[in-house]
Amino acid sequence: MKFGIIALLSTVVGAIVGVGGGLIIRPMLGFFDVAKGLASFSSAACVFCMGIVSLITTVKKGAKIQLRETVVLAAGSICGAFAGGACIRFVSGEFIKIGYVFAMVFVLVCMAARSRLPRIKLKNPLLQFLTGTVTGGLSGFFGIGGGPFQMTALLLLFDLPPKEAAVQSIFITLLTTASSLIQYAVSGYWDFSLAVYMIPMAVIGGFIGGLLNRKFNNKYVSILFNATVLFIIIMQIYSIIRG
């Protein structure tokens, strides 16, 4: 029951603000001492199902997916995730946890200063791919979810309003999560012991979150995004203190 509630709340928030939900699900499962591999797989399965439902819901409500840009970003993100994941062996787990806190604080600072930063709209496919590589690399390195980095890039480098950035971010997350699930399939890891309870709630969360994304204005989506990042920072600090 508790894991279903985690999946529901995480995917509702993730679908509204474009962070997917995995970066909330995984730490929360870790809080309940779920093994890291099982937590990661269950999270990926939930986010994938949420992404499909959320996108169908938002597109039916009038959202438009910028296909070329998002596919290029997703391709860069997938490549970056492999590179970031390969770097993990060179640093300690404690370094990664602390680094993630600083990275999230940087995201909050960028959001706070967004109105005072120059407006940038990347149109060069190579620069778009490199942007995806950086956000994917950070996601792979920290191993906890790159939604905030994705959203920040879409807001600051593609000049998208928060509501539309969230939709594009969910589409990118859907593609990158599909890549992760393929890796699990190739490795033979298919442990649905938690996912079987969490996926139905993630589907409901994706539907509710998709509807709310269309109903909320940009101000509310931005506030909820910042609150989500702050919650992640608090959870990560608690994880560091807990050891």
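Cut-offs and rules
Residues numbered from 1 in each chain as written. Predicted model: local features only at pLDDT ≥ 70, side-chain atom pairs only at ≥ 80, totals over all residues. Heavy atoms only, no water. Core = buried A, V, L, I, M, F, W, Y, C linked by side-chain atoms within 4.5 Å. Buried < 20%, exposed > 50% of the residue type's maximum accessible area, 1.4 Å probe, protein only. Contact = heavy atoms within 4.5 Å. Phe/Tyr/Trp six-rings, centres within 6.5 Å; stacked < 30°, edge-to-face > 60°. Helix = DSSP H or I, 4+ residues; strand = E, 2+ residues; numbered from the N terminus. Expected span 1.5 Å × (residues − 1). Patch = residues over 30% accessible without salt bridge, like charges linked within 9 Å, V, L, I, M, F, W, Y side chains within 5 Å. Areas by Shrake-Rupley, 256 points an atom, 1.4 Å probe, with all protein chains shown as cover. Salt bridge = Lys/Arg side-chain N within 4 Å of Asp/Glu carboxyl O. Disulfide = S-S within 2.5 Å. Axes fitted to C-alpha atoms, helices over the stretch in contact; angles between N-to-C directions. Parallel < 35°, antiparallel > 145°, perpendicular 65-115°, else oblique. Left-handed = near helix turned anticlockwise from the far one by under 90°.

Quick look at the nonpolar core
Item 1. Membership of the largest hydrophobic core comes to 58 residues, with the highest contact counts inside it found for L29, M104, M198 and F225.
Item 2. Aside from chain neighbours lying at most four places away, what touches M104 is P148, F149, V229, I232 and I233.

A closer look at the packing of aromatic side chains
Item 1. One pass over the full model with this rule turns up nine aromatic pairs.
Item 2. For the pair W190 and F192, a centre-to-centre distance of 5.6 Å together with 15 degrees between the ring planes defines the contact as stacked.
Item 3. A ring pair is formed by F216 and Y220, whose centres lie 6.3 Å apart and whose planes are at 65 degrees; its orientation type is edge-to-face.
Item 4. According to the relative accessible area criterion, F216 is partly exposed, its value standing at 27%.
Item 5. The rings of F41, Y184, Y189, W190 and F192 are connected pair by pair, giving a single aromatic cluster.

Things to note about the side chain of N213
Item 1. Along the polypeptide, N213 turns up in helix α9 (residues 195-215).
Item 2. Overall, N213 belongs to the buried group, its relative accessible area being 1%.

Considerations on helix α4 (residues 67-87)
Item 1. Taking 1.5 Å of rise per residue, 21 residues should cover 30 Å, and α4 covers 30 Å from first to last C-alpha, within 8% of that figure.
Item 2. Those residues of α4 that sit buried are E69, T70, V72, L73, A74, G76, S77, G80 and G84.
Item 3. Tucked into the core, α4 has its buried residues touching α6 (125-142), α7 (147-157) and α8 (162-187).

A few points about a nonpolar patch on the surface
Item 1. A contiguous nonpolar patch, built from W190, F192, V196 and Y197 and spanning about 460 Å² of accessible area, is present on the exposed surface.
Item 2. Mapping V196 onto the fold places it in helix α9.

Focus on the environment of L155
Item 1. Counting through the fold element by element, L155 comes out in helix α7.
Item 2. We classify L155 as buried; its relative accessible area is 3%.
Item 3. What L155 contacts, discounting residues up to four positions off in sequence, is M111, R114, L160, P161, P162 and A165.

What to know about the state of the cysteines
Item 1. All chains considered together, the criterion is met by zero disulfides.
Item 2. Looking at C87, it has no disulfide partner, and the nearest cysteine sulfur is the one in C79, 14 Å off.
Item 3. The exposure class of C87 is partly exposed, given its relative accessible area of 37%.

Structural notes on the packing of helix α3 (residues 36-60) against α8
Item 1. One can describe the packing of α3 onto α8 by two numbers: an axis separation of 9 Å at closest approach and a directional angle of 140 degrees. Relative to α8, the element α3 is oriented oblique. When you trace α3 past α8, the crossing you get is left-handed.

Quick look at unusual backbone geometry
Item 1. With a phi close to 60 degrees, D33 is a non-glycine residue in the positive phi region.
Item 2. Within the secondary structure, D33 is located in the loop between α2 (22-31) and α3.
Item 3. Positive phi, normally seen in glycine, also occurs at D159, with a value near 50 degrees.
Item 4. Accessibility expressed as a relative area gives 25% for D159, which makes it partly exposed.

Take it as geometry only, folks, not as evidence of what the structure does.
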